[in-house]
Structures are given as C-alpha cells and as structure tokens.
Amino acid sequence: MEVLTSKRFEFSAAHRYWNAEWSPERNVEVFGKCTNAYGHGHNYVLEVTTAGEVDLATGMVINVTELKRTVGRVLEGFDHKHLNEDMAYFRDRQPTTENIVQVLWSLIAPELPSGVRLHRLRLYETADIFADFYGGMTASFGRSYQFSAAHRLDSSQLSPDENVALYGKCNNEKGHGHDYRFEVTVDGPVDPATGMVINLVELDAAVQPLLDELDHTHLDRQHAFFQERPSTAEHVVVYLWQRLAAVLGRRLRWIKLWETPNNIFEYGVREP
Ligand SMILES: [Zn+2]
Ligand SMILES: [Zn+2]
C-alpha cells in the first residue's frame, strides 16, 4: 500500500532572467522586469511529496527528520544565494521556477532512502505562482487567480420545493456570492531559450478575458452557460476549463477551484 507524504520547505534567493543570445530589447520583451541586471528575489516554498510503502516497524513512509536533513542539505546551496551568480546550475539555463524545480529534483531524488521515491516537487515562487515536476520530460507551470461573483443554485429540472430541499440557503431567490479562487496548471516541455513551459504574460493573457467576463457579475443572471444549468462549483470548474482549453489547447492540464476556502473542486485531463 503506497502512501504519499508531503512536507514544505522554504528558502530565499535572488535571480535574474537574461538570454545572452538575444538583444536587450528581446530580453525585455520576453522577461520584463526580471531582466534587471542586479537581480531581484523571492521567498521560495518547496513542497516535497514522496511515495512509498508504510514501514511496519515505524508506521512511516519516510522519517520526517531524515527528510528534513536530506532536503535541508540540498537547500543550503540555494538559500540566501544569487542563483545566477552563485550557482553553476544556472550558468547555462534560466533560473525560472520550472528550471529550479528540475534541478532540485535531480539533487533530492537520488538522496532518498531505498523504497521511497520522489512523487512530486512543487515550487512556489510567490504565493500564487508555482511549477510542478514529476521527473518526466515535461514540467508544469501554474498560477492562481480570483474573481468575485454572485449566484443562485436552482435547477430548472426540479420543482420549487425540490430546489429548496436540495440547495437550502443556496436557493435564495436573489442570490448570494463568493470570492472564487482557481489555480490553472499548464503542462509541456521547458523551452531551453526561456526556461519556461509558458510565459506568465501569455498565461495571464489567456485568463484575463475570463476574469473580465466573470468578476463582479451574477453568474445565473448574466451568463448563458449558467442560465442553462445550475451554477454549482462543478459547473463553474467545467466552464473555466472549456474557456481556457479553447485558448491554451492541449497544454492545459488541471484546474482547481475554491468556491470558498473549504469547498474545493478539480477538473482536468490528468491528475497532478
Ligand atoms: Zn523572479
Ligand atoms: Zn454559493
């Protein structure tokens, strides 16, 4: 019986994006403010997920103290460093979230005890921007976004009494609302020139029309999709998927939607 266990770690580092084979103009066009010659920095958060059989003697997949020691040793090389200037790994590749997470994988995976495998590394560059790596030929990049909207749960296929019985307070005729938050994960090969699966600017541009459309609106009263079906979070996550898949195509991998901090819905082609 294989169990997944996750632990979070933190490190702080500076970095800069610059492709020496491009003109300064091209660099600024692709990397924006990240081209600043002196660098800038982040509080990175690394989530390490390991998989393995539960040890009968200890009841654990991996001893947390041992994992802390192993990952801590690796992160000593990153913490309070300038990734471009202090670390050989980033002489020939951009210190993007996608590339950092792959380097971390190559350093952590071989150090795990036998019988334990590295399942996933998620590296947060900021609270809402992250990269995932599973050890394959592709990496994932994601960002979370928010919109605030009103809605009412009401099914045209049910009687008024049945709607009240099923949806309770959520059936309130005039509606109620939420701050919806959703995480978009895009998957693909890392472009050697940019170190990216997708440029954040491109991802933001793909999502922005959807935010413009939904933010500060009433889902049922203003959007055809929710006039035809109840505006449950299940339907909201499918709608987000359909709209984003139309722009991002097969690169779109997964959407995770928080209707409230406690109600979470996920939809995608492959589970992360
Ligand atoms: Zn940065
Ligand atoms: Zn609601």
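Preceding this section is the structure that the text describes.
Here the structure is a predicted model, which is why all the values come from computation and not from measurement. (Residues numbered from 1 in each chain as written. Chains lettered and ligands numbered in written order. Predicted model: local features only at pLDDT ≥ 70, side-chain atom pairs only at ≥ 80, totals over all residues. Heavy atoms only, no water.)

Student: What should I look at first to understand the side chain of Asp132 in this one?
Tutor: Here Asp132 lies in strand 5 (residues 129–133). Looking at Asp132, its side chain comes within polar contact range of the side chain of Arg122, at 2.6 Å. Residue contacts for Asp132: discarding those within four places in its chain leaves Arg120, Leu121, Arg122, Ala139, Ser140 and Thr185. (Helix = DSSP H or I, 4+ residues; strand = E, 2+ residues; numbered from the N terminus. Polar contact = N/O pair within 3.5 Å; in protein donor to acceptor, adjacent residues only side chain to side chain. Contact = heavy atoms within 4.5 Å.)

Student: Looking at this structure, how should I read the packing of helix 2 (residues 64–76) against helix 4 (residues 97–108)?
Tutor: Where helix 2 meets helix 4, the axes come as close as 10 Å, and the angle between the chain directions of the two elements is 130°. Between helix 2 and helix 4, the interaxial angle falls into the category oblique. By crossing handedness, the relation of helix 2 to helix 4 is classed as right-handed. Contacts between helix 2 and helix 4 involve Val71, Val74 and Leu75 on the former and, on the latter, Leu104, Leu107 and Ile108. Looking at side-chain class alone, the contact of helix 2 with helix 4 contains 6 nonpolar, no polar and no charged residues. (Axes fitted to C-alpha atoms, helices over the stretch in contact; angles between N-to-C directions. Parallel < 35°, antiparallel > 145°, perpendicular 65-115°, else oblique. Left-handed = near helix turned anticlockwise from the far one by under 90°. Nonpolar A, V, L, I, M, F, W, Y, C, P; charged D, E, K, R; others polar.)

Student: How should I be thinking about the nonpolar core in this particular structure?
Tutor: Nonpolar side chains in soluble globular proteins tend to end up buried together. Grouped together as the largest cluster of nonpolar side chains are 61 residues, with contacts concentrated most on Leu46, Phe78, Leu104, Phe182 and Val184. Ranked by residues supplied to this core, first place goes to helix 9 (residues 233–248) with 8 residues. In contact with Phe182, not counting residues within four places along its chain, are Arg143, Ser144, Tyr145, Phe147, Val207, Leu211, Leu240, Leu244, Ile255, Lys256, Leu257 and Trp258. By size, the runner-up hydrophobic cluster in this structure holds 5 residues, among which are Tyr17, Val30, Phe31 and Met196. (Core = buried A, V, L, I, M, F, W, Y, C linked by side-chain atoms within 4.5 Å. Buried < 20%, exposed > 50% of the residue type's maximum accessible area, 1.4 Å probe, protein only.)

Student: Quick question: what am I supposed to make of the coordination of the zinc ion (ligand 2) here?
Tutor: Tetrahedral coordination by four donors sets the ideal angle at the metal to 109.5 degrees; octahedral coordination by six donors sets it to 90 or 180 degrees. Ligation of the zinc ion (ligand 2) by protein atoms is provided by His151 (NE2), His176 (NE2) and His178 (NE2), these donors lying 2.0 to 2.1 Å from the ion. Mapped onto the polypeptide sequence, the residues donating to the zinc ion (ligand 2) form the spacing pattern H-x24-H-x1-H. Here His151, found in strand 6 (residues 139–151), pairs with His178, found in strand 7 (residues 176–188); they are 27 residues apart in sequence, far enough to count as distant. Taken individually, His151 and His178 each receive the classification buried, so the pair is uniform in this respect. (Donors = N, O, S within 2.8 Å, 3.2 Å for Na, K, Ca; no water.)

Student: Even after reading the chapter, I still don't get the environment of Cys34, so can you show me in this structure?
Tutor: With respect to the helices and strands, Cys34 occurs in the loop between helix 1 (24–31) and strand 2 (40–53). Taking the C-alpha atoms as reference points, Cys34 and Tyr17, 17 residues apart in sequence, are found 5.5 Å from one another. Sequence-distant contacts of Cys34, defined by excluding residues within four places in its chain, comprise Arg16, Tyr17 and His40.

Student: It is not clear to me how the coordination of the zinc ion (ligand 1) should be interpreted in this structure. Could you clarify?
Tutor: Protein coordination of the zinc ion (ligand 1) is provided by His15 (NE2), His40 (NE2) and His42 (NE2), with donor distances spanning 2.0 to 2.1 Å. Considered as a linear motif, the donors of the zinc ion (ligand 1) on their single chain read H-x24-H-x1-H. Note on His40: relative accessible area 24%, which makes it partly exposed.

Student: Would you mind showing me how to read the packing of aromatic side chains here?
Tutor: Geometry of an aromatic ring pair is reported as the spacing of the ring centres plus the angle between the planes. In the structure shown here, the tally under the stated rule is 15 aromatic pairs. An angle of 75° between the planes, with centres 5.1 Å apart, marks the rings of Phe225 and Phe226 as edge-to-face. Residue Phe225 shares its accessibility class with Phe226, and that shared class is buried. Feature note: the residues Phe11, Tyr44, Phe78, Tyr89 and Phe90 constitute an aromatic cluster, connected by ring pairs. Sitting above the plane of the Phe9 ring, Lys7 keeps its charged end 5.7 Å from the centroid. Sitting over the face of the ring of Trp258, Arg181 holds its NZ or CZ atom 4.0 Å from the ring centroid. (Phe/Tyr/Trp six-rings, centres within 6.5 Å; stacked < 30°, edge-to-face > 60°. Lys NZ or Arg CZ within 6 Å of the ring centre and 35° of its normal.)

Student: What is the right way to look at the packing of helix 6 (residues 200–214) against helix 9 in this model?
Tutor: Look at helix 6 against helix 9: their axes get within 10 Å of each other, and the N-to-C directions meet at 140°. In terms of axis orientation, helix 6 runs oblique to helix 9. Seen from above, helix 6 lies across helix 9 with right-handed handedness. Contacts between helix 6 and helix 9 involve Leu203, Ala206, Val207, Pro209, Leu210, Glu213 and Leu214 from the former and Tyr239, Leu240, Arg243, Leu244, Val247 and Leu248 from the latter. Per-class residue counts for the contact of helix 6 with helix 9 are 11 nonpolar, no polar and 2 charged.

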